[in-house]
Amino acid sequence: MRLCDRHGCEEPGACPAPKAPNSPDRWYFCQKHAAEYNAKWDYFEGLDKAEAEARAKAERRDNSGYAEASHYGWAGSGDGSRSADEMRALDVLGLEADADFDTVKKAWRARAKEVHPDVRPGDEEAAKAFQAFQVAYEVLRQAEERRTWKG
Ligand SMILES: [Zn+2]
């Protein structure tokens, strides 16, 4: 059995976590260390802070009727509530907290298409947005996998 990648930890490492945004390399942590790692990991890396804030604001503006409070009160099925990273990922994709994975996939495809490097060659802003969508999708895909495995 694979052990947690955290040095000195001997729990089974069942939780994959990307080593860097957009990286296919994964750490495998036990639940406790995965949570610790996720809490520190900033998937907005690559966007500077002002940009990330501007984007988050624009996302909120685009979602009229969007109840921000529902983000924090939401508790789903399975292992309980969504992580802060999942919430931010949903925000990046302009989705509600209770969006199912099909909705996530559709939103990601539509948004990624608009800013795809093939469509916007040499556009640095678009490239960053594309990267953010990819990472957001990856966060949600992994969360979905974790839920499915437990199912
Ligand atoms: Zn561990």
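Residues numbered from 1 in each chain as written. Predicted model: local features only at pLDDT ≥ 70, side-chain atom pairs only at ≥ 80, totals over all residues.

Q: Now, about the pairing of strand β1 (residues 15-18): what can you tell me, with residues and values included?
A: Burial of the side chains of β1 is restricted to one face: Cys15 and Ala17 are buried, whereas none of Pro16 and Pro18 on the reverse face is. Sheet topology places β1 next to strand β2 (residues 26-29); four bridges connect them, and they run antiparallel. Within β2, the residue paired with Ala17 across the bridge is Trp27. (Buried ≥ 20, exposed ≤ 12 C-beta atoms within 10 Å, placed from the backbone. Helix = DSSP H or I, 4+ residues; strand = E, 2+ residues; numbered from the N terminus. Pairing = 2+ DSSP bridges.)

Q: Lay out the environment of Val92 in plain terms, naming residues and giving numbers.
A: Mapped onto the secondary structure, Val92 falls in helix α4 (residues 84-92). Sequence separation of Val92 and Ala129 is 37 residues, and the distance between their C-alpha atoms is 9.2 Å.

Q: Run through the environment of Asp98, naming residues and quoting values.
A: Assignment of secondary structure puts Asp98 in the loop between α4 and α5 (101-114). By the C-beta count within 10 Å, which is 11 here, Asp98 ends up exposed. Along the primary structure Asp98 and Met87 are separated by 11 residues, whereas in three dimensions their C-alpha atoms are 9.9 Å apart.

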